[in-house]
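Coordinate analysis (summary)
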Amino acid sequence: MPEFSTLSVGHDARNRRIARLRLNRPERLNAINPPMPGEIRAAVEWANADEEVHVIVVEGEGRAFCAGYDLIALAEEGSASGVAIDHPLQQEKKPWDSMVDYAVMKRYTEDFMALWRSAKPTIAKVQGYAVAGGSDIALCCDLLVMADDAKIGYMPTRVWGCPTTAMWTFRLGAARAKQLMFTGDLITGAQAAQWGLANIAVPAAGLDAACDALAERISGVPRSHLAMHKLVVNNVMLTMGLEQAQTLATVFDGVTRHNPEGLWFRRQAQADGFKAAVEWRDSGRPIPEGDEARALIAELEQRIGEGKRPA
């Protein structure tokens, strides 16, 4: 079996027609670090090359499926030294280069899309949280099985993010996708099933059994038939403009991290900590924008430079 630093993949112990791809950073709620997207793609390629495998279950070790990108270090970089550190996804050089940001995020998006392009069906099994970038992983899977009390959504749409896979519209329809994108709200597995986002939602105690039953059922279908049926549905989504939407979303994701509102969020995280910045973002409190954001950025940069944090 291949070995990875952020996940594991292999045959199910009881049915070798089922592959299990398990995100394995439980101490960080399986948050996405730089190696993880490429390792997801490599694990999917392994499962597709294995002639025994018919279906792939994607799951998370521990309390959550995936809590999104591991952004604390990125958002707080430079706060201790007072010297801002340049990063492709949060550039300090001005003017920022949108295509440098795009190259990194597009690669991550294409890595996640390996789940969607896989000739073999993929099932996301979600407990705890599938949020922000974690929802990208879940929604790139063909099917979604959730615990009733699990949460899914993309909170950074309020500031500092745009879902690069653009799957919400294709999975939910325009009106409900707009509702979640405009609010950054999370919904439960039960509500996701009611809305048609999740295929199945069950009490947490029954999540494994429900997902296993679905995978077992699919695993009995010939691989060629599964691949053909998936290709038909995927081509409908491509005809509807999925790839064009992803290109636009990936560019806009970079904009959200470098425009006045995005830079304010980073400076707020550097000055007061990522948790405090997220609490502001998710509280419903107005996000500073335009000239207000620029003025606050200047104040925060002065505080950071002086090394003065509030007690």
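Summarised in this report is the structure supplied together with it. Along each chain, numbering runs from 1 in the same order as the chain's sequence is written. Selection of residues for local features in this predicted model requires a pLDDT of at least 70, selection of side-chain atom pairs for listing and counting requires 80 or more, and totals for whole chains, interfaces and linings are taken over all residues. The basis for every side-chain value is the complete set of non-hydrogen atoms in the structure, without hydrogens or water.

Some points on the overall build of the protein
Let me state the cut-off plainly: Going along the chain from the N terminus, every DSSP run of H or I of four or more residues is numbered as a helix, and every run of E of two or more is numbered as a strand. For this measure, only C-alpha atoms enter the radius of gyration; the expected value for a globule follows 2.2 Å times N^0.38, where N is the number of residues. Partly exposed describes any residue whose relative accessible area lies between the buried limit of under 20% and the exposed limit of over 50%, with all areas from a 1.4 Å probe on protein chains only and scaled to the type maximum. By definition in these notes, contact holds between two residues if any of their heavy atoms fall within 4.5 Å. Here the open area of atoms and residues is found with the Shrake-Rupley method and a 1.4 Å probe, where only the protein chains shown may cover a residue. Lys and Arg are tallied as positive, Asp and Glu as negative. Neither His nor the chain termini are counted. Where a charge lies is defined by one atom per residue type, namely NZ (Lys), CZ (Arg), CG (Asp) and CD (Glu).
The helix and strand tally for the protein stands at 14 helices and nine strands. Since a compact globule built from 311 residues should have a radius of gyration of about 19 Å, the 20 Å found for the protein is in line with a globular shape. With the principal axes as the frame, the protein shows a C-alpha extent of 65 × 40 × 35 Å. Out of the 311 residues belonging to the protein, those deemed buried represent 51%. Of the contacts made within the protein by residues no fewer than 6 positions apart, 73% connect residues no fewer than 24 positions apart. In the form shown here, the protein has an accessible surface area of approximately 14,000 Å², with 56% of it arising from carbon and sulfur atoms. The distance from the centre of the 34 positive side-chain charges to the centre of the 39 negative ones in the protein is 2 Å.

Some details on the sheet that holds strand S9 (residues 200–202)
Sheet strands associate in pairs through backbone hydrogen bonding, adopting either a parallel or an antiparallel arrangement. Put simply, the rule reads: Pairing between two strands requires that DSSP report at least two bridges joining them. Here an axis means a line fitted to C-alpha atoms, over the contact stretch when the element is a helix, while the angle between two N-to-C directions is reported on a 0 to 180 degree scale.
The six strands lie next to each other as S1-S2-S3-S4-S6-S9, forming an open sheet whose pairing is mixed. Each edge of the open sheet carries a strand with a single partner, namely strand S1 (7–11) and S9. Averaged over all pairs of adjacent strands, the angle between their axes in this sheet comes to 15°, without regard to strand direction. Of the pairings in the sheet, the one linking strand S4 (residues 122–126) to strand S6 (residues 143–147) comprises four bridges and is parallel in character. Within S6, the residue paired with Val126 across the bridge is Met146.

Quick notes on the packing of helix H12 (residues 260–272) against helix H13 (residues 274–283)
For clarity, the threshold we go by: Working definition: roughly parallel below 35 degrees, roughly antiparallel above 145 degrees, roughly perpendicular at 65 to 115 degrees, and oblique for all remaining angles. Three classes are used, and their members are as follows: Ala, Val, Leu, Ile, Met, Phe, Trp, Tyr, Cys and Pro are nonpolar, Asp, Glu, Lys and Arg are charged, and the others, Gly among them, are polar.
Relative orientation of the contacting elements H12 and H13 amounts to 135°, with a least axis distance of 6 Å. By the criterion of interaxial angle, the relationship of H12 to H13 is oblique. On the side of H12, the interface is formed by Trp264, Phe265, Gln268, Ala269 and Asp272, while H13 contributes Phe274, Ala276, Ala277, Val278, Trp280 and Arg281. By residue class, the composition of the contact of H12 with H13 is eight nonpolar, one polar and two charged.

Some remarks on the sheet that holds strand S7 (residues 151–153)
Pairing is mixed in the open sheet, where three strands are placed in the order S5-S7-S8. Edge positions in the open sheet fall to strand S5 (129–131) and strand S8 (186–188), since each of these has one partner strand only. Geometrically, the sheet is characterised by an average inter-axis angle of 20° between neighbouring strands, direction not taken into account. Alignment of S5 against S7, held across three bridges, turns out to be parallel. By the bridge assignment, Ala130 is partnered in S7 with Ile152. Helix H5 (residues 133–140) rests against S5 and S7 of the sheet, and its axis sits at about 100° to S5.

Worth remembering: the numbers are spatial, not functional.
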